[in-house]
Amino acid sequence: MTRYGIPPSLVGAALALLLLASAARAQGVPVRTAEHDGFTRIVVDFPRRPDWRLGRAGDRYELRAPGTGAYDLSDIYRRIYADRLQRLEDLGDGRLGITLGCVCNLSVIELPNQGLVIDVRDGAPAPDDPYNIVLDPGEITPALSRDMASLRLPVVLPPPAASLDLAALGGPPRDSAEGPDQAAVERVTALREELIAQIAHGMTQGMVKMDTGRLDQLLRSTQPAAEAEATPPPPEPAPLPGAHMRIETQVDRDRRARTGSLDGTPPHLCLDDELFDVGSWYEPEQLSRSVGAAYAALFDARDRPDAAAYRNLARDMLYRTFGAEARSAIREGPADIPDRDILEDMGRIMDGDTVPERSVIARQIDCNSPGALWGLLAQDAVTPDTRMNTEAILRTLSAWPPHLRRHLGPRIARKFLDAGDRDAALAARNAVERGGSGPTPEAAMLEAQLRLDVGDHRSAEPILAEIAASRTVEAAGALADLIASRIESNGSVGDDLLDSARALAFELEADPAGQALTARIVEALVHEQRYAEALADLRDGQSREALPPETAEQLRDRTFAALAKRSDDATFLELALPALGEAPLGSAARLAVADRLVALRLPEQARKALGVNLAIPKPRERILLARIALMEDRPRIAESYLAGLEDQEAQALLKKAAARPDAVPDLPSPPAETTVAIPEAPTGLLARNRDLLGASRERRRALQNLLQTGG
């Protein structure tokens, strides 16, 4: 214990945050890749992540990690296409060259297992993109790493006890003849409590781990002894503001930089804290009490309904996580129940249902109050652009009793993952686990999703499989995530898993969880290149209204795009040609199908696949139309499509068109060729040739029938 009541364990914990372990020299680094919808992922499996930099170097990007051994690039092209990531190469000295084939931007995630994730995402880099800067050609040693930067904490600690002058805190030293200055002691106590609160804040984010077993004992031992005869205290100094001393983690700093300060008043009305702070409505002992007293109070002595009592009953049910019962109490009560609409919407959220668009709760998401937590849960979907008060949400969740944290915490963490805030998701997970509560399907599902978020499919899939077999409310979501994990890791989905998913999806029918599972089944069949089954399941889902129209349209486009890129000619023609007479395909799918038909020299069918486009065609479509025109012997039309295009393919087609004259009119048909009778019953080589000619005629006839049917 220090002289002025600050426990050494707390000072040591604060100072421990400033330590940074040195990076070990890696001898060899595996590099993995995977294709995702909208981005391509590169995972560099550093055994111990060194200081690194990422930026532009000429016509490519470079990852520079000095001291790294050779990169293992033996398995990087097996799971990806070449449209986003054209080339990865080991440039030596810890430099990894990344050549792109698209207008894309890079984002980076530092994994807890020391690995580094680089995502190549569609879209041009922002003007302030930190990874679009040009690296110094001669620079090998990177600047200070993010790990080191994340531990430069602005901690203000008192000087050693021998040199600390308590007079600076507002009074004489403790051992003076006049006795201790009570106001100064209180200020030191407030300083100590603020330090504890800020370290606890870091613990909820998973940034600090410390032994708190003796904390209560230490706090009790530091309380000043009561004075027999207290002297009149001097005038109380100004309150010690907590803002002058703060332990701030990199999680706080990054989040503030991303969302800005939310301490000000939002443009809409933020309602009173007490309306939404469910955890403060009752003490935890309320869970063991009967609700009979609450029901008995619903009517007064004259047998009239008491609006306040109905409100209290609804609050009691919400505190117990019973959303449907809370809503029932509201509906059965009088019309003047206080906060009626808010309590009813909170009941919907408690049970995982959606709230009406008119709800005021959804607009609380950026308030600096417990309402921000309910505002987040009220959102149908969140994205990285969703503005929210993350600090208020985590503060509220962390202060609630365990049963509320376990019930709502996993959903809050998943919302943070959807918003791209992994740090906040981990903090919410830590709040759920605090207190040693037993595992629940919701918590297990959250743990699996956190592992999937960093590409750890191997450890996530057993968790998902166990949840899927549990037949709980999380089973459908677990099955969908398990199928998605197999697809992303380029693994086999398997018939057993698909059969289980089909059975559960049929059982759930039009439920949102069943719709998501049906979509995953179609995606799995496309992944397995079972295109006919995928289209059949898609049509079945549409007929049963198990798929929303927009989702069904997207799945159809993805199926035909994959069919055009990956199937053999026979399968492609069998499935694509009949579809030309159906609903038009989306932009990406129709271009892929038309490209494949052009490659098969079927210009009429390719033109039909492109359909009628009233908008100005984009360069890729103009090149396809030019190729079709050349096949139809119309070189001048082809030139008109290629005008203004300067890429190599367009220039090559222009040369072909310029070398060909305009099409000549149809000439009269030549006279019929004289036929030569073939001797009957030929033998030997002549007999074999006759059989080959017959088989060839049959194949041409079958293909012609197919073309006429589809074209």
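Attention here is on the structure that accompanies the text. (Residues numbered from 1 in each chain as written. Predicted model: local features only at pLDDT ≥ 70, side-chain atom pairs only at ≥ 80, totals over all residues. Heavy atoms only, no water.)

1. Focus: the overall build of the chain
Within the chain one finds 27 helices and 9 strands. A separation threshold of at least 6 residues defines the contact pool for the chain, and within that pool the share at least 24 residues apart is 62%. If you sum the accessible surface of the chain, you get close to 38100 Å²; carbon and sulfur atoms cover 53% of it. (Helix = DSSP H or I, 4+ residues; strand = E, 2+ residues; numbered from the N terminus. Contact = heavy atoms within 4.5 Å. Areas by Shrake-Rupley, 256 points an atom, 1.4 Å probe, with all protein chains shown as cover.)

2. Side note on unusual backbone geometry
Glycine aside, residues mostly have negative phi angles, and peptide bonds mostly take the trans form. In this structure, threonine 321 is a non-glycine residue whose phi angle is positive, near 70 degrees. With respect to the helices, strands and loops of the structure, threonine 321 is situated in the loop between helix H7 (307–319) and helix H8 (323–332). Judged by relative accessible area, threonine 321 falls into the buried class, the value being 16%. (Buried < 20%, exposed > 50% of the residue type's maximum accessible area, 1.4 Å probe, protein only.)

3. Comments concerning the nonpolar core
Ranked by size, the top nonpolar core spans 62 residues in total, and within it Leu517, Phe560, Phe572, Val593 and Leu597 carry the most contacts. In this structure, leucine 597 is in contact with Phe572, Leu573, Leu577, Leu580, Leu602, Gln605, Ala606 and Ala609, ignoring residues within four places of it in sequence. Ranked by size, the runner-up nonpolar core spans 55 residues in total, among them Ala392, Leu426, Leu446 and Leu450. (Core = buried A, V, L, I, M, F, W, Y, C linked by side-chain atoms within 4.5 Å.)

4. A closer look at the state of the cysteines
For the structure shown, the criterion picks out 2 disulfides. Note that cysteine 102 is cross-linked by a disulfide to cysteine 104, the S-S spacing being 1.9 Å. Between cysteine 102 and cysteine 104 the disulfide shows an S-S torsion of about -125 degrees. By sign, it is left-handed. The class of cysteine 104 is buried, set by a relative accessible area of 3%. When the cysteines of the chain that form disulfides are numbered from the N-terminus onward, they connect as 1-2, 3-4. (Disulfide = S-S within 2.5 Å.)

5. Focus on the pairing of strand E9 (residues 116–122)
By the criterion of burial, E9 is predominantly enclosed, with 5 of the 7 residues buried. In this sheet, E9 lies alongside strand E8 (residues 104–110) in antiparallel orientation, the contact comprising 7 bridges. Bridge pairing in E9 links glutamate 110 to leucine 116. Two successive antiparallel strands, E8 and E9, enclose a turn made up of 5 residues, where glutamine 114 displays a positive phi of approximately 80 degrees. (Pairing = 2+ DSSP bridges.)

6. Some details on the side chain of aspartate 557
Note that aspartate 557 resides in helix H20 (residues 549–566). Summary of buried charges: aspartate 557 has no salt-bridge partner, and the nearest side chain of opposite charge, arginine 556, is 4.7 Å away. Those residues in contact with aspartate 557, other than ones at most four positions away along the chain, are Leu585, Gly586 and Ala589. (Lys, Arg positive; Asp, Glu negative; His and termini not counted. Salt bridge = Lys/Arg side-chain N within 4 Å of Asp/Glu carboxyl O.)

7. Some details on the pattern of salt bridges
Scanning all chains against the criterion turns up 42 salt bridges. The salt bridge partner of arginine 607 is glutamate 632, with a shortest N-O separation of 3.0 Å. Of this pair, arginine 607 sits in helix H23 (residues 603–610) while glutamate 632 sits in the loop between helix H24 (619–631) and helix H25 (635–642); the two residues are 25 residues apart in sequence, bridging distant segments of the chain. Since its relative accessible area comes to 28%, arginine 607 is described here as partly exposed. Take glutamate 632: its relative accessible area is 30%, and that puts it in the partly exposed class. In the salt-bridge network here, residues are joined through shared partners; they are Arg60, Glu62, Arg64, Arg87, Glu89 and Arg95.

8. A few points about the sheet that holds strand E7 (residues 95–100)
Across the sheet, which stays open at both edges, the 4 strands sit in the order E3-E4-E7-E6 with antiparallel pairing between neighbours. Each edge of the sheet is formed by a strand with only one pairing partner; in this case those strands are strand E3 (53–57) and strand E6 (85–92). Taking the axes of each pair of neighbouring strands and ignoring which way they run, one obtains an average angle of 25 degrees across the sheet. Two elements, strand E4 (residues 60–64) and E7, share 4 bridges in a ladder whose sense is antiparallel. Considered in E7, the bridge of arginine 64 is made with arginine 95. (Axes fitted to C-alpha atoms, helices over the stretch in contact; angles between N-to-C directions.)

9. So, the packing of H25 against helix H26 (residues 648–658)
In contact at an axis separation of 9 Å, H25 and H26 are set at 155 degrees when each is read in the N-to-C sense. Of the possible angle classes, the one that applies to H25 and H26 is roughly antiparallel. The way H25 lies across H26 gives a crossing that is left-handed. Contacts between H25 and H26 involve Pro635, Arg636, Ala638, Glu639 and Leu642 from the first element and Ala650, Leu653, Leu654, Ala657 and Ala658 from the second. For the contact of H25 with H26, the per-class residue count stands at 8 nonpolar, no polar and 2 charged. (Parallel < 35°, antiparallel > 145°, perpendicular 65-115°, else oblique. Left-handed = near helix turned anticlockwise from the far one by under 90°. Nonpolar A, V, L, I, M, F, W, Y, C, P; charged D, E, K, R; others polar.)

10. Side note on the pairing of E4
For E4, the tally of buried residues reaches 4 of 5 residues, placing the bulk of the element in the interior. The turn linking E3 back onto E4 is made up of 2 residues, and glycine 58 within it adopts a positive phi angle of 75 degrees.

11. With respect to the packing of aromatic side chains
Two aromatic rings are characterised by how far apart their centres lie and by the angle between their planes. Counted under the stated rule, the structure contains 4 aromatic pairs. Geometrically, the ring pair formed by phenylalanine 299 and tyrosine 310 is edge-to-face, given 6.3 Å between the ring centres and 80 degrees between the ring planes. Of this pair, phenylalanine 299 sits in the loop between helix H6 (292–296) and H7 while tyrosine 310 is found in helix H7, placing the two residues 11 residues apart along the sequence. The exposure class of phenylalanine 299 is partly exposed, given its relative accessible area of 40%. Taking NZ or CZ as reference, arginine 121 lies 4.4 Å from the ring centre of phenylalanine 39, over its face. (Phe/Tyr/Trp six-rings, centres within 6.5 Å; stacked < 30°, edge-to-face > 60°. Lys NZ or Arg CZ within 6 Å of the ring centre and 35° of its normal.)

12. Some details on the environment of aspartate 481
Summarising the element assignment, aspartate 481 is placed in helix H16 (residues 475–488). We classify aspartate 481 as buried; its relative accessible area is 18%. Between the C-alpha atoms of aspartate 481 and glutamate 461, which are 20 residues apart in sequence, the distance is 8.6 Å. If we skip the residues at most four places from it in the chain, aspartate 481 touches Met445, Gln449, Leu452 and Leu464.

13. Describing helix H17 (residues 495–508)
Helix length check: H17, at 14 residues, gives a terminal C-alpha distance of 20 Å against a target of 20 Å (1.5 Å per residue), a fit within 8%. Among the residues making up H17, those that are buried are Leu497, Leu498, Ala501, Leu504 and Ala505. In a view along the axis of H17, the buried residues occupy a sector of 135 degrees, so they form one face of it. Facing away from the buried side of H17 by over 90 degrees, the exposed positions are Asp496, Phe506 and Glu507. On its buried side, H17 packs onto H16 and helix H18 (512–527). One or two residues past the end of H17 sits glutamate 509, with phi positive at roughly 50 degrees. (Expected span 1.5 Å × (residues − 1). Arc of directions from axis to C-beta.)

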